[in-house]
Each structure stands twice: as structure tokens, then as C-alpha cells.
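Listed below are the residues making up each chain.
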Amino acid sequence: MRLFPRFLLTLLVSLSFLGAALAQTNSSKRPESSPRPTLPKNIKPIEPEALSLIKKMTQTLGAAKTIQFESIVQSEFPSIDGIPVIYTTAANIALQRPNKFNVVVRGDGPSNEILFNGKKLFAYSPEKNLVAMSESPNSIDAAAQFAYDKAGIFFPGDDLVLSNPYEHLTAGLTDAFITGKSKLIGGVETYSIVMAGRGLQGQIWIGVKDHLPYMASWIYLGDKAHPRTTLVYKNWKIDSLISPDRFNSNRFAKAIVTEFAQPNTPLN
Amino acid sequence: MKFFTVVLASLMGLITITIATDAEAYWHGYRGGWRGDPGWRGAGWGGCYRCGPGWGPVGFVGGAAAVETAEVVAAESRPTVIYENPPVVIAQQTQVPVLASPGAIASGAMVEGSIPPVGATYPNLLPGCVLAPRNGINFYQCQGFRMRPLYGGNSFYYRVVPG
């Protein structure tokens, strides 16, 4: 008789633990890919050859004093019917280490420009004649982080041009393998490499000779719709001279000045 | 029985700890490209009534909310942006929508003479608004309300502000 209430109490405690666990699972809302079949013993989830190619790519980009490239980005978002709709934007990126970058983004509408001149961060719209400006940390990594924290700003290829892109690309990596070579991407011969982590899976095409990325396509598992974003990188220029005008903010002088603010945050 | 219940409790606790642990906080952090966000939408533009909230830079306030002027006072107490909006509903509820631009139908049209709630955001400046700086800050004065241009989420937008 005395054991029964104690059993009930313990059972309640157990159920509360279970409830907490389930609540945690729901709140994370991060669906993952279904468990994969066990790989044969001679196959490693992360192939060293694949990592080696990623490393060469990131070393090439990391060692560059200047980087210029263009990117076409196609991202899926659901329509109000739930049908995926592809949105396309194009970006022209110039970066000069240690402390300058400029990104001009064109969509099927107004264009935008982000400039970090080593001291300040700017966002400019010629169509709206607006410029947002703010003091900024003085390195590319810190400015990119600041832009993201301050106003949700990120741009295609930003993960490739930070000071240690290899770390970014391989953190959380669970699988990587080479599928083969292709002559159909970017007008050059590329290696095709599959990469997967907990949050996303995809593929990247890296030039055989120049070790530069020419395309990447990622599926985001954290979104229940598993949207895909495909980025094409082209017109690479490594260590070419960039005109100082590219990082000169004087061209924004006649624009109406405003500030950065996330759309869903209160104003000061 | 006692042994069984203790073991059960221990197992449940273990499950909790295992699920709650997220060693790969990397995925929560700075985003873009491989780093884990599908949200690259680039420049803000409009024009697709059926495309959903992905068609544009910010979570647009819906026209339906904007036109309900009786709710404006209550809406002012709302903390920030009201996410909403099938534009089709806007068209049904507003007989004569005044569009800020051809793209505005996807981003929150408003009825002439109505006052949108404070915190509402629009990708384009609403008609009839003129630049009216105050205390060194650039605002646009509209009919009965003010808007402030801001940059966030990879595009410019206009937020309705008090005053």
C-alpha cells in the first residue's frame, strides 16, 4: 500500500522529464534528414580527398589580397499555396583585405549596395536615393558580423570571403564526398563535392585548376519545406587591382541619410 | 517495483539531457550561403500577389490590418511589425486600394485616408508623403502619420512611427 503512492510519484516525475524532453524537441523545430543506411566499412562519411579540395578552395580565397566575383542566387520560398517559388538576385562583390568590401545586389526590382570602407558601413539604394550609414568595426570579419547583427545583412559568398572560410564550411560537417568531375559548370572543369551537416545538405563545384567555387546548391533542412538555394559564382578576379572609387562613399553624398534597423526591432 | 521506477526516472532524465544538448550551435549563428539560412532574398521588389511573404525583404504589414482604422489605437500598443497578409484579402476588403507602386499589392496596400498602425512597414514610400526632417532625423510626413526610412533584412523599407 505504501509503495503504490511512491510509484505514482516517481512515475509523475518520469513523465515530467519525458514532457520536457518532448517540448525541447518541438521547440527546436529542426527536422533532420532521415537516418541514412549504414555505409560499407571501406567508405568514410567524410572523405579526406573531399576535404582536401575544400581546403584548397578556402586557401586560395583566404590568401587573396583582393577578390572580385559575381553571383547569381536562386532561392526557393513557398507561395501562399505552399508551392515553391524561385527568386533570383545577382550580386557583384569586391573585397580588399584587410578592411574593405562592396556588394552591389540587383533583383527584379530596386538594387542595393553595401559598402564597408574600413570605418563605416553603408547601404545605398539609387532608386530610393537613400543611404543608411553606421560606424563599424574595422575588419572584414567584424564588419560582416556587425552588419548581420545590426540589420540582418548578408550577401552571397560572404561565407567564402571571411578570414577563415574553411572553418565555416567544415564546422558541423557530417558527410563529404566527391561525385566526380564536370565540364558543364562555369565554363571550366570542376570537381563536384557533396557536403552535409545537421542543418543543410548540398553540393559545391570547385575548379580543378584554379580551386575556385563555380556553383553551390544547398537544401536547408531547418525549414520544414526544405527549400533549396543555388548560387552560381562567375567572373572571378583574384588579386586584381580594384579601383579606389569602388570603396569611396562620396557617391552617396546626395542621398537621404538614414539608419540600419531590423524590421522587427524597436527603434532607439 | 521501486527499482523499476528509479530506472525509469533515470532513463527519462537521460533522454532529456540528450535531446536538450545541441553541440552544433554553429547552425544558430551567423548566416549566409553554406552557413545555413535560405533567407537571401536580395533587393526588395513586388508584383506577385500569390507568391507569399518570401516575395520581398521584410515581413510586410498587411493591408487588412492597415485599413482597419478603428484598431489603430490598439495597434499602436503593439510592439513592432505585424506580420500578415495575403494581398488577395486586401483587394477584397478595400474597394479602392491606392497602391504605392505596381509592386505594392504584394506588400501592403492601404486605403486612401486611412492611417496605418505604428510599426507597420512598407517596401515603398506611400503616396502623398514628403520628406520632413526633424531633429536631424529624416522622416516622411504623410497624411496623419509619419514614416521613417530604414535599412534592414537586405533592403530599405519605410516604418510608420509615432508623431
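Here is what the cut-offs are and how they apply
- Residues numbered from 1 in each chain as written.
- Chains lettered and ligands numbered in written order.
- Predicted model: local features only at pLDDT ≥ 70, side-chain atom pairs only at ≥ 80, totals over all residues.
- Helix = DSSP H or I, 4+ residues; strand = E, 2+ residues; numbered from the N terminus.
- Buried ≥ 20, exposed ≤ 12 C-beta atoms within 10 Å, placed from the backbone.
- Contact = placed C-beta atoms within 7 Å.
- Expected span 1.5 Å × (residues − 1).
- Arc of directions from axis to C-beta.

**Q** Just checking my understanding: could you explain the overall build of chain B for this structure?
**A** The number of helices and strands found in chain B is 4 helices and 7 strands. Every one of the 163 residues in chain B was classed for burial, and the buried ones make up 45%. Sequence separation of at least 24 residues holds for 56% of the intrachain contacts in chain B that already meet a minimum separation of 6.

**Q** What's the story with the overall build of chain A in this structure? I'm lost.
**A** Helices and strands together make up the secondary structure of chain A, namely 4 helices and 12 strands. Looking at the 268 residues of chain A, the share that counts as buried comes to 37%. Restricting to contacts in chain A with at least 6 residues of sequence separation, those with at least 24 account for 49%.

**Q** Whenever I open this one, helix α3 (residues 140-151) of chain A confuses me. Can you help?
**A** Because each turn of an α-helix spans 3.6 residues, side chains separated by three or four positions end up pointing in the same direction. The end-to-end C-alpha separation of α3(A) is 16 Å, in line with the 16 Å expected for 12 residues at 1.5 Å each. Listing the buried residues of α3(A) in full gives Ile140(A), Ala143(A), Ala144(A), Ala147(A) and Ala151(A). Considered in projection along α3(A), the buried side chains sweep an arc of 100 degrees and stay on one side of the axis. Looking at the packing, one finds that the buried side of α3(A) touches β2 (84-96), β3 (100-106), β4 (112-116), β5 (120-125) and β12 (256-260) of chain A together with β6 (146-152) of chain B. Phi turns positive, to about 65 degrees, at Gly152(A), one or two residues after α3(A).

**Q** What is the right way to look at unusual backbone geometry in this model?
**A** Excluding glycine, a negative phi dihedral is what most residues carry, and trans is how most peptide bonds are arranged. Between Arg97(A) and Pro98(A) the backbone carries a cis peptide bond, its omega angle lying at 15 degrees. Mapped onto the fold, Pro98(A) is located in the loop between β2 and β3. For Asp239(A), which is not a glycine, the phi torsion comes out positive at approximately 60 degrees. Considering the arrangement of structural elements, one finds Asp239(A) in the loop between β11 (228-238) and β12. C-beta crowding within 10 Å serves as the criterion here: with 11 such atoms nearby, Asp239(A) is assigned to the exposed category. Of note in this structure, Asn154(B) is not a glycine but carries a positive phi near 70 degrees. Structurally, Asn154(B) can be placed in the loop between β6 and β7 (155-161).

**Q** Just checking my understanding: could you explain helix α2 (residues 48-63) of chain A for this structure?
**A** Residue and element names in this part refer to chain A. Its 16 residues place the ends of α2 22 Å apart at the C-alpha level, agreeing with the 22 Å of an ideal helix rising 1.5 Å per residue. Along α2, the residues that are buried comprise Ala-50, Leu-53, Ile-54, Met-57, Thr-58, Thr-60 and Leu-61. Viewed along the axis of α2, the buried residues span an arc of 155 degrees, placing them on a single side of the element. Facing away from the buried surface of α2 by more than 90 degrees, the exposed residues are Pro-48, Glu-49, Ser-52 and Ala-63. On its buried face, α2 sits against β1 (66-78), α4 (165-170), β7 (173-182), β8 (190-197), β9 (200-207) and β10 (213-220).

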